[in-house]
Amino acid sequence: MLEENFLGVISYFLYKYPMNYDFNAIEEKWQAYWAKNQTFKAENNSDKEKFYVLDMFPYPSGAGLHVGHPLGYIASDIYARYKRHKGFNVLHPQGYDSFGLPAEQYAIQTGQHPAVTTAENIKTYRRQLDQLGFSFDWSREVRTSDPSYYKWTQWIFIQLFNSWYNKQADKAEDIETLISVFEVDGNLKVEAVCDDAIEEFTAADWTSYSDPKKQEVLLKYRLTYLAESEVNWCPALGTVLANDEIVNGVSERGGHPVIRKKMTQWSMRISAYAQRLLDGLKKIDWPQPLKDSQTNWIGKSVGASVSFHVLSENKTGPHMIDVFTTRPDTIFGVSFMTLAPEHDLVEQITTKKQQAEVAAYIEATAKRSERDRMADVKTISGAFTGAYAEHPLTKEPIPIWIGDYVLAGYGTGAVMSVPCGDQRDYDFAKHFNIPIPNIFEGVDISEEAFADKEKAVIANSDFLDGLGQKEASKIAIQTLETLGQGEGKINYRLRDAVFSRQRYWGEPFPVYYNADAMPQMLDEKFLPLELPEVDKYLPTETGEPPLGNAKEWHWLQYGDEGKVVSEDEFNNSSPKGRLGGALELNTMPGWAGSSQYFNRYMDPTNENEIFSQDAINYWQDVDLYIGGSEHATGHLLYSRFWQKFMFDKGLVPKDEFAKKLINQGMITGTSAFIYKDIDSNKVYSKGLLSNNNVIPIHADVSLVNFSDELDVEAFKKWQPEYKNAEFVLEDGKYIVGREVEKMSKSKYNVVNPDAICEEYGADSLRLYEMFLGPLEQSKPWNTAGITGTHSFLKKLWRLYHSAAESSFSVSEEAPSKDALKTLHKTIKKVEDDIENFSFNTSVSTFMICVNELSSQKCISRAILEPLALLVSPYAPHIAEELWIKLGYTESISTVDFPKFEASYLVESNKEYPISFNGKMRFKLEMSLDLSKDEIEATVMAHEKTKEQLQGRTPKKVIIVPGKIVNIVG
RNA sequence: GCUCGAGUGGUGGAAUUGGUAGACACGUUGGACUUAAAAUCCAAUGGACAUUAGUCCGUAUGGGUUCAAGUCCCAUCUCGAGUACCA
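Structural notes, computed from the coordinates. (Residues numbered from 1 in each chain as written. Chains lettered and ligands numbered in written order. Predicted model: local features only at pLDDT ≥ 70, side-chain atom pairs only at ≥ 80, totals over all residues. Heavy atoms only, no water.)

### A short note on the overall build of chain A
Here's step 1: A count of helical and extended segments in chain A gives 30 helices and 37 strands.
Here's step 2: Taken across its 969 residues, chain A has 51% of its residues classed as buried.
Here's step 3: A fraction of 70% describes how many contacts in chain A between residues 6 or more apart in sequence connect residues 24 or more apart.
Here's step 4: When the accessible surface of chain A is totalled, it reaches about 45600 Å², and 50% of it is carbon and sulfur. (Helix = DSSP H or I, 4+ residues; strand = E, 2+ residues; numbered from the N terminus. Buried < 20%, exposed > 50% of the residue type's maximum accessible area, 1.4 Å probe, protein only. Contact = heavy atoms within 4.5 Å. Areas by Shrake-Rupley, 256 points an atom, 1.4 Å probe, with all protein chains shown as cover.)

### Some words on the packing of aromatic side chains
Here's step 1: Tallied over the entire structure, the rule returns 66 aromatic pairs.
Here's step 2: An angle of 70° between the planes, with centres 5.7 Å apart, marks the rings of tyrosine 625 and phenylalanine 657 as edge-to-face. You can see tyrosine 625 sitting in strand β24 (residues 624-627) and its partner phenylalanine 657 sitting in the loop between α20 (635-648) and β25 (661-663), a full 32 residues away along the chain.
Here's step 3: Judged by relative accessible area, phenylalanine 657 falls into the buried class, the value being 0%.
Here's step 4: Of the aromatic side chains, those joined through ring pairs into one cluster are Phe51, Tyr79, Tyr82, Phe88, Phe792, Phe837, Phe839, Phe846, Tyr874 and Phe897.
Here's step 5: In this arrangement the basic side chain of lysine 213 is found over the ring face of tyrosine 209, its NZ or CZ atom lying 5.1 Å from the centre.
Here's step 6: The side chain of arginine 222 reaches across the aromatic face of phenylalanine 161, ending 3.8 Å from its centre. (Phe/Tyr/Trp six-rings, centres within 6.5 Å; stacked < 30°, edge-to-face > 60°. Lys NZ or Arg CZ within 6 Å of the ring centre and 35° of its normal.)

### Regarding the pattern of salt bridges
Here's step 1: Scanning the model with the defined rule gives 35 salt bridges in all.
Here's step 2: The partner of lysine 50 in a salt bridge is aspartate 623, and the shortest N-O contact between them spans 2.8 Å. Highlighted residues: lysine 50 in strand β1 (residues 50-55) and aspartate 623 in the loop between α19 (613-619) and β24, separated in sequence by 573 residues. Neither residue differs from the other here; lysine 50 and aspartate 623 are each classed as buried. (Salt bridge = Lys/Arg side-chain N within 4 Å of Asp/Glu carboxyl O.)

### Focus on helix α23 (residues 762-771)
Here's step 1: The element α23 is largely enclosed, with a buried count of 9 among its 10 residues.
Here's step 2: If you check which residues of α23 are buried, you get Ala762, Asp763, Ser764, Leu765, Arg766, Leu767, Tyr768, Glu769 and Met770.

### A word on the sheet that holds strand β19 (residues 511-513)
Here's step 1: Ordered by their spatial adjacency, 5 strands build an open sheet running β20-β19-β23-β21-β22, and the pairing between neighbours is antiparallel. Edge strands, defined here as strands with exactly one partner in the open sheet, are β20 (519-521) and β22 (561-566). With direction set aside, neighbouring strand axes in the sheet form an average angle of 40°.
Here's step 2: Sheet analysis places strand β21 (residues 552-558) next to strand β23 (residues 578-583), joined by 5 bridges and oriented antiparallel. The residue bridging leucine 556 from the neighbouring strand is glycine 580, located in β23. (Pairing = 2+ DSSP bridges. Axes fitted to C-alpha atoms, helices over the stretch in contact; angles between N-to-C directions.)

### Points about the sheet that holds strand β5 (residues 192-193)
Here's step 1: Strand order in the open sheet formed by 3 strands is β4-β3-β5, with antiparallel pairing between adjacent strands. Both outer strands of the open sheet, β4 (171-174) and β5, are each paired with one neighbouring strand and no more.
Here's step 2: Where strand β3 (residues 163-166) meets β4, 4 bridges bridge the pair, whose relative direction is antiparallel. Opposite tyrosine 165, over in β4, you have alanine 172 as the bridge partner.

### With respect to the nonpolar core
Here's step 1: Counting residues in hydrophobic clusters, the biggest one holds 102 residues, and the most contacted among them are Leu710, Tyr800, Phe839 and Leu867.
Here's step 2: With 8 residues, helix α3 (residues 70-85) is the single largest residue contributor to this core.
Here's step 3: Formed by 72 residues, the second largest nonpolar core is a distinct cluster that contains Ala172, Leu223, Ile284 and Trp642. (Core = buried A, V, L, I, M, F, W, Y, C linked by side-chain atoms within 4.5 Å.)

### Brief notes about the pairing of strand β34 (residues 909-916)
Consecutive side chains along a regular strand alternate between the two faces of the sheet.
Here's step 1: Relative to strand β35 (residues 919-927), β34 is paired through 8 bridges, and the arrangement is antiparallel. Within β35, the position partnered with tyrosine 912 by the bridge is leucine 924.
Here's step 2: Taking the residues that link successive antiparallel strands as the turn, the β34-β35 hairpin has 2 residues, and the phi of asparagine 917 there is positive, at about 50°.

### Some words on the packing of α23 against helix α28 (residues 876-885)
Here's step 1: Relative orientation of the contacting elements α23 and α28 amounts to 130°, with a least axis distance of 7 Å. The orientation of α23 with respect to α28, classified from their angle, is oblique. Here Ala762, Asp763 and Arg766 of α23 lie close against α28, whose contacting residues are Pro876, His877 and Ile878.
Here's step 2: Within the contact of α23 with α28, the residues separate by chemical class into 3 nonpolar, 1 polar and 2 charged. (Parallel < 35°, antiparallel > 145°, perpendicular 65-115°, else oblique. Nonpolar A, V, L, I, M, F, W, Y, C, P; charged D, E, K, R; others polar.)

Structure representation (structure tokens):
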């Protein structure tokens, strides 16, 4: 009985909806097919030309993907699929940036090992990515938290440690070459990017040095080095905080006080590459705003360094203050000097009388975080040291102040203050009643400083009088050089990058400390050094990083045998021939694992090398990289740095890793609001707000239909506190307010791709995300619109199916002229659009094409076959299904893209718009063969023209053949 | 403050070198089919006046160049992103 009824329903549906577009079944079928056949596996050997399309790999967060995340992946997938149709061997990999803070914080709260949560999250991500039909080569997947991967992150760290930057060769070189120079010449002739404070030594000195001393010296040259650097330290949390983790001087989480503290940290000498990082920007096709922000970040400024003698008892004393200035031309305007409160000399030069005041000031500024100092620009503060410096040219004494407007971390941490030419110096001078000499011709400085370089004419400056800024700077530098008190200098804002984090869930450093407390690299054959197990993921009671909790975290090695042991075991082992010691307790920062992953994809399972030379020489570099702009000065700068280092070492053939980069825009959410009356229990519909005092309250977007109507009952169920509220309706409906906001759980505007795939299919979602607008632009999500691309796919499906015969049906007959025209118009447009990354317009082109072919009743194979190919990069599942129905047995994915034939588009007539004074009034069809004169004659003879002119004689007739006619007069 | 980007119907957006503004969709309204709903199909849809033709206004605002400006130039306003005592 039941069965009979069921069959009845089925046959009714088959009758009513022949060969329905069953997207769920089709998509499932093809996703399984691609996985089983490894359709998108890329080979490292191929006669085809290579093309590398890369997405920024995701951090697998617990929340999974929302509809905003796949935008870039869809675009890159379309491009990758298109390139396969164009005959390229395409590398399109995906992986996970799986070290990171959220998993660690979750571990601190729950005790759950981060590796466990990470694995779970990756599973969710993989399922969500698969259901969208991406053509990733999953055989190349990488995970940064996987020891087989971070083995190579550690390996690169060791390479950096074993390198120094030779300025003469302008590249990184092996540290051994430096040692051999030291053995012959000492460091007198060495031009290296290294620590500023380096003592000079001869070859004889070098050979006399003890081993720890040698290592200490070398550490100042290495590309990754241990150094004291100032950090934001939170004693309560026992960790270093980044600037953006501090709000109003206290930690963002917990509200604990934060102090600035010097700590020994690993740093990366990225400053060595500052100029090359700037130069490289010229040869890569990256978005201009992104290049601008990298340029800005590197912050090159050209000027001079000037040395001032500190006076002691009116004579030049032993101390020198070096400053950097971009305005050496204003040297005669110096009326005081300002040091950062942290400057090394402050303590030594401060006079007895001023000691108390200076100490109090230093203490006060130390309490403020750097962020606070920067935020509070208006308050002027400082203290006089009591000391004076000698002006290098006038030999006049100039007072030395300290002030927190001078940053310890930029330049030399000291400035020569020229109050007439710099507003900050001016404000400081005014505040402390320091004289403001004017050294500019014809400029009033009674109210503010004069900082215009272009217009400056120097005066009151001895031999610089009457000169402009450029000329005066040149001469000032020359003069200072002859005195040995200055030289031309280029300064960069870019600072070396701190590479240590007091975290658990990151790459361990392959480093142990020997008995001399000098850092030693593990031999490469012992890599990877795996993360130890710990009981808890918090810092230790003594304030050490979480790895301090590990029971076994000492390195013990005899000859070729090495292992990680407990401290006790290490101490009880025989010292004879023993290497090892305590292992490094810090871990690497988030960007370590992402700085070379694009190269590792080329040869991801290689256990002997980071990648084979065959692989890198074939794939070379990334042809197209798509990802968010938030990585502009982080990942994208560090990756370029490591790539240049790898290039110097001869490991990669290109010194820029990505030729072209596109930043996809963010998809924002469209939040929904109900309006609750402040005084009563009433909730008003959007149209009824005018006279009521209401507050907007977020409603979950899933409770609102396409017409902004709220399902009131569902809402009451969702928020029971509104069970008894009175919803005041308009026209029987409750209409919500809408506002565009960032997609976020707390705003109840998150849309999940799973539900959309279920209801409309992945192909509909892919098309819709592209259809929303230009890839690089940020745009609001509105689920309502997806019915548009979904019904397009249904129309497309129907083109290949006959309603009458209930089946797939295409005709072998020759296509009509119109159909050919429609097809080739579409081929041209879609091809141009993909090449220009204008994916939104190709979706509308598909719609126009299908609308036209439908009204032409076109069922010709010669049209429908190429059409399936055109659609394939965008909606791959339906394209595969249609392809099989067209009689093929293999995947559509590498079939040649249809070829555009211009001859089908040639027209004989054109419908000319006829304008009068620039305004289009009517249209007139004319042959394209007509000459200008013939066109004019035809138009002027037309009765509508006469009607428009009403007897006037036109002054001028503009005719652009094939385009437009404009009659003036 | 500085740097960069953007302002077009009710909504997302289109307009490739200055040449028919609003393609393609969503939404809305009306209609067909249906017991009903869904789905599908048809028509209308920038504003105002007129509704037969048509006229005027209209791409943030105000100017300018041009036969012709969303597009080029100048000024202003608004929004977004990045960045900031950088000497």
